[in-house]
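Structural overview for review
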Amino acid sequence: LLAAGAIICIVNPFTLLDIGFLMSFFATLGITTLSYRIQRTVLPKTVNPKLFGQILSAFYKSVSQTLSALIFILPISWALFGELSLISPISNLFYTPLASVILLIAPILLVVSGIPVISRIVSAVLSFLCSVFIDTASFIASSADFTLSLRYGFVGFVLLFFILTLFGSLILKKAYAKRKGLIVALPFLMSVILFASFYVAENKHLRNYTDVNYLSH
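Residues numbered from 1 in each chain as written. Predicted model: local features only at pLDDT ≥ 70, side-chain atom pairs only at ≥ 80, totals over all residues. Heavy atoms only, no water.

This next bit is on the overall build of the protein chain. When you go through the protein chain residue by residue, the secondary structure sums to seven helices and two strands. Start at the N end of the protein chain and walk to the C end: the helices and strands fall as α-α-α-β-α-α-β-α-α. Across the 217 residues that make up the protein chain, the buried fraction comes to 26%. Accessible area for the protein chain stands at about 14,700 Å²; split by element, carbon and sulfur atoms hold 73% of it. (Helix = DSSP H or I, 4+ residues; strand = E, 2+ residues; numbered from the N terminus. Buried < 20%, exposed > 50% of the residue type's maximum accessible area, 1.4 Å probe, protein only. Areas by Shrake-Rupley, 256 points an atom, 1.4 Å probe, with all protein chains shown as cover.)

A word on the layout of surface pockets. Considered as a void within the structure, the largest pocket measures approximately 510 Å³ in volume. Within the residue set of the lining of the largest pocket, elements represented by two or more residues are α3 (51–81), β1 (83–85), α6 (155–172) and α7 (180–216). By residue class, the composition of the lining of the largest pocket is 16 nonpolar, two polar and no charged. There is about 390 Å³ of room inside the second largest pocket. Taken together, 19 residues line the second largest pocket, and the ones lying closest to its centre are M23, L70, I73, S88 and N92. Among the elements of the structure, α2 (19–42), α3, β1 and α4 (87–111) are those that each provide at least two residues to the lining of the second largest pocket. If you tally residues by element for the lining of the second largest pocket, the top one is α3, at eight residues. Grouping the amino acids of the lining of the second largest pocket by side-chain chemistry returns nine nonpolar, nine polar and one charged. (1 Å grid on protein atoms, 1.4 Å probe; cavity = no way out; pocket = protein on both sides within 12 Å on 5 of 7 lines; lining within 4 Å. Points joined across faces, edges and corners; volume = space filled by probe spheres on them. Nonpolar A, V, L, I, M, F, W, Y, C, P; charged D, E, K, R; others polar.)

The biggest cluster of nonpolar side chains holds nine residues, and these are L74, L84, L150, Y152, F154, V155, V158, L159 and F195. Looking at which element gives the most residues to this core, the answer is α6, with three residues. The contact partners of L150, leaving out residues within four places of it in the chain, are L74, W78, G82, E83, L84, V155 and F195. Counting residues in each nonpolar core, the second largest holds seven residues, with I102, I105, L126 and L129 among its members. (Core = buried A, V, L, I, M, F, W, Y, C linked by side-chain atoms within 4.5 Å. Contact = heavy atoms within 4.5 Å.)

To continue, consider the confidence of the model for the protein chain. Should pLDDT be low for a region, the predicted coordinates there are not to be read in detail. Taken residue by residue, the protein chain gives an average pLDDT of 75. The fraction at 70 or more is 77%. When pLDDT is averaged over each element of the protein chain, helix α5 (residues 116–142) comes out on top at 84 and α7 at the bottom at 69. When the criterion is pLDDT under 50, residues 211–215 qualifies, and its contacts beyond four places in sequence or with other chains add up to zero contacts. (pLDDT = per-residue confidence, 0-100.)

Using the criterion set out here, one finds six aromatic pairs in the structure. An angle of 15° between the planes, with centres 6.1 Å apart, marks the rings of F195 and Y199 as stacked. Taken as a pair, F195 and Y199 lie in helix α7 at a separation of four residues, close to a single helical turn. Judged by relative accessible area, F195 falls into the buried class, the value being 14%. One aromatic cluster is present, built from ring pairs that chain together F154, F157, F195, F198 and Y199. (Phe/Tyr/Trp six-rings, centres within 6.5 Å; stacked < 30°, edge-to-face > 60°.)

In this section: the environment of I31. Tracing the chain through its elements places I31 in helix α2. Expressed as a C-alpha distance, the spacing of I31 and S68, which sit 37 residues apart in the sequence, is 5.2 Å. In contact with I31, other than residues within four places in its own chain, are Y36, Q65, S68 and A69.

Attention now goes to a nonpolar patch on the surface. Taken together, the side chains of I115, V117, I118, I121 and V125 make up a nonpolar region of the molecular surface, amounting to roughly 430 Å² of accessible area. Note on placement: V125 falls in helix α5. Taking the relative accessible area as the measure of exposure, V125 reaches 38% and is therefore partly exposed. (Patch = residues over 30% accessible without salt bridge, like charges linked within 9 Å, V, L, I, M, F, W, Y side chains within 5 Å. Salt bridge = Lys/Arg side-chain N within 4 Å of Asp/Glu carboxyl O.)

With that settled, the discussion passes to the side chain of T165. Along the chain, T165 falls in helix α6. Overall, the relative accessible area of 19% leaves T165 in the buried class. A polar side-chain atom of T165 sits 2.7 Å from the main-chain carbonyl oxygen of F161. Here F162 takes part through its backbone oxygen, which lies 3.0 Å from a polar atom of the side chain of T165. Excluding anything up to four places from it in sequence, T165 contacts P187 and M190. (Polar contact = N/O pair within 3.5 Å; in protein donor to acceptor, adjacent residues only side chain to side chain.)

Structure (structure tokens):
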């Protein structure tokens, strides 16, 4: 990944200023470096071979990939946009497996393209899945803007706290193997509580400041 990113930047140095490149690069970096660690911590050592067990395993993997990508692009979202999409992590749980199915069927269509009946069936299925993907994405984009503002002075501190405690938990989980799921979950819980505490205090301060200005006028 680093080699690919370096080659792209050498060919076009202005790529470093491209938001799409930065988001894609750091999201992929998060998935490749952190996702497996979260999966290994959360998933049981032996997955139930039955259908429910396989579905649960796929769900855990999708959640870990979404969290890994979100963690690595969070500083960019804070620095460039000042907000965090709340619907994105949830929608990714739907889009990730759907995109995997589309990518699986697309090569099959190329293989059977010379067989009239089968190619039409595969083409229809692929077209339907692509339509679902595009239509739902358009619906989410046009719906209410579910975002969380990060334009607060304390956000940088919370992000630093979260990153340090997360990597600390990944190290400590070896020493507390029996409770490794709780150890890895603690940074998320503590960071949410910390953010909520600062958020409530900040908004209470702003509300009091607004009331004082209103009374003074």
